[in-house]
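Residue-level listing of the chains:
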Amino acid sequence: METKISSKFIAELIGTFGLVLFGCGAAAIAGGDTLAQTSGLGLLGISLAFGFSVVVFAYAIGGISGCHINPAVTIGVLVSGRISFKDAIVYIIAQLIGALIGAFVLKTVLSGQLAGFSAGEWAFGSNGWGKGYQNEYNMTTAFITETVLTAVFLFVILATTSKVGNGTMAGLAIGFTLVLIHLFAIPITGTSVNPARSFGPAVLAGGQALSQLWLFFAAPILGAIIGAILWKVTYTEAKEA
């Protein structure tokens, strides 16, 4: 029996909420609020927080919505022909709302510090680039990094969840891929590859995080389309072989 779109909406909202709360929370609370400090969990710990979040929700809601929890993933799946345009819109709305709620809860928690809390630039695990952010890479590097890594991410997702992939292990493969992506890109952009993950923290952080948000929509979406096209070509050739 086909799952109702309302159930998919709720699943995607909860999954994206969890990703932002646990992933961005690990960065903001234990790793340093702007991701520039990694004296807490460290680079590996923050990367694992994001990767484990995907693994957990892949098995929790994968059977309901496919566990996209990422507008770029939804767009890539749309390009691959596995979801309708109508459902894709519902998914993306749910993801953006879930991310915003996750960031709001994170902000509320951080505001509870007895010594007081000052958000500053790129707060709540926001993504960014340029002077004052992480290792201060330029916009071109940030755009290329987010595009290429999202393309790789989508290729892995579409491959592992396809008929030729190992569906039972897909959640782990996707989660581990996200860990690798974060290990590479946290020092550059804080790692987005997910417009919703960037949206929630940036809206509440404001300032440069919000002004730079466009890149974390444009680059991941472009990367998702590229990844989906590469997979379609690969899958077509594999079937014809």
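Residues numbered from 1 in each chain as written. Predicted model: local features only at pLDDT ≥ 70, side-chain atom pairs only at ≥ 80, totals over all residues. Heavy atoms only, no water.

Asker: How should the overall build of the protein be read in this particular structure?
Answerer: Along the protein, the regular secondary structure elements total 9 helices and 0 strands. Starting at the N terminus and ending at the C terminus, the protein contains elements arranged as α-α-α-α-α-α-α-α-α. Summarising its shape, the C-alpha atoms of the protein cover approximately 60 × 35 × 30 Å along the three principal directions. Buried residues in the protein amount to 51% of all 241 residues. Put simply, of all contacts in the protein between residues at least 6 apart along the chain, 77% involve residues at least 24 apart. When the 10 positive and 9 negative side-chain charges of the protein are each reduced to one mean point, those points stand 8 Å apart. (Helix = DSSP H or I, 4+ residues; strand = E, 2+ residues; numbered from the N terminus. Buried < 20%, exposed > 50% of the residue type's maximum accessible area, 1.4 Å probe, protein only. Contact = heavy atoms within 4.5 Å. Lys, Arg positive; Asp, Glu negative; His and termini not counted. Charge placed at Lys NZ, Arg CZ, Asp CG, Glu CD.)

Asker: Mind showing me how you'd approach helix H1 (residues 5-30) here?
Answerer: Residues lying three or four places apart along an α-helix face the same way, a consequence of the helix completing one turn every 3.6 residues. Given a rise of 1.5 Å per residue, 26 residues ought to cover 38 Å, and the 36 Å separating the end C-alpha atoms of H1 matches this to within 8%. At Cys-24, H1 shows its strongest bend, of approximately 30°. (Expected span 1.5 Å × (residues − 1). Bend = angle between axes of the 7 residues up to and from the residue.)

Asker: How do you make sense of the confidence of the model for the protein when you look at a structure like this?
Answerer: Any segment with low pLDDT has predicted coordinates that should not be analysed in fine detail. Of all residues in the protein, 93% attain a pLDDT of 70 or more, and the chain-wide mean is 91. The low-confidence segment residues 33-39 (pLDDT under 50) makes 27 contacts with residues lying over four places distant or belonging to another chain. (pLDDT = per-residue confidence, 0-100.)

Asker: Help me understand unusual backbone geometry, please; the structure alone is not making it clear to me.
Answerer: Glycine aside, the phi torsion of most residues is negative, and most peptide linkages are trans. At Cys-67, a position not held by glycine, the phi torsion is positive, near 55°. Within the secondary structure, Cys-67 is located in the loop between helix H2 (42-65) and helix H3 (71-79). Relative accessible area serves as the criterion here: at 11%, Cys-67 is assigned to the buried category. The phi dihedral of Thr-191 is positive, around 70°, even though this residue is not glycine. Among the secondary structure elements, Thr-191 is positioned in the loop between helix H6 (170-189) and helix H7 (195-205).

Asker: Help me out: how do you make sense of a nonpolar patch on the surface in this one?
Answerer: Together, Phe-85, Ile-89, Ile-93, Ile-97 and Ile-101 line one region of the surface with nonpolar side chains, adding up to about 430 Å² of accessible area. Of note, Ile-93 is situated in helix H4 (residues 85-110). Overall, Ile-93 belongs to the partly exposed group, its relative accessible area being 42%. (Patch = residues over 30% accessible without salt bridge, like charges linked within 9 Å, V, L, I, M, F, W, Y side chains within 5 Å. Areas by Shrake-Rupley, 256 points an atom, 1.4 Å probe, with all protein chains shown as cover. Salt bridge = Lys/Arg side-chain N within 4 Å of Asp/Glu carboxyl O.)

Asker: In this structure, what is going on with the pattern of salt bridges? I would like to understand it.
Answerer: In the structure shown here, the tally under the stated rule is 1 salt bridge. The shortest N-O distance in the salt bridge between Asp-87 and Lys-8 comes to 3.8 Å. Taken together, the positions of Asp-87 in helix H4 and Lys-8 in helix H1 put the pair 79 residues apart, joining distant regions of the chain. Residues Asp-87 and Lys-8 agree in their burial class; the two are buried.

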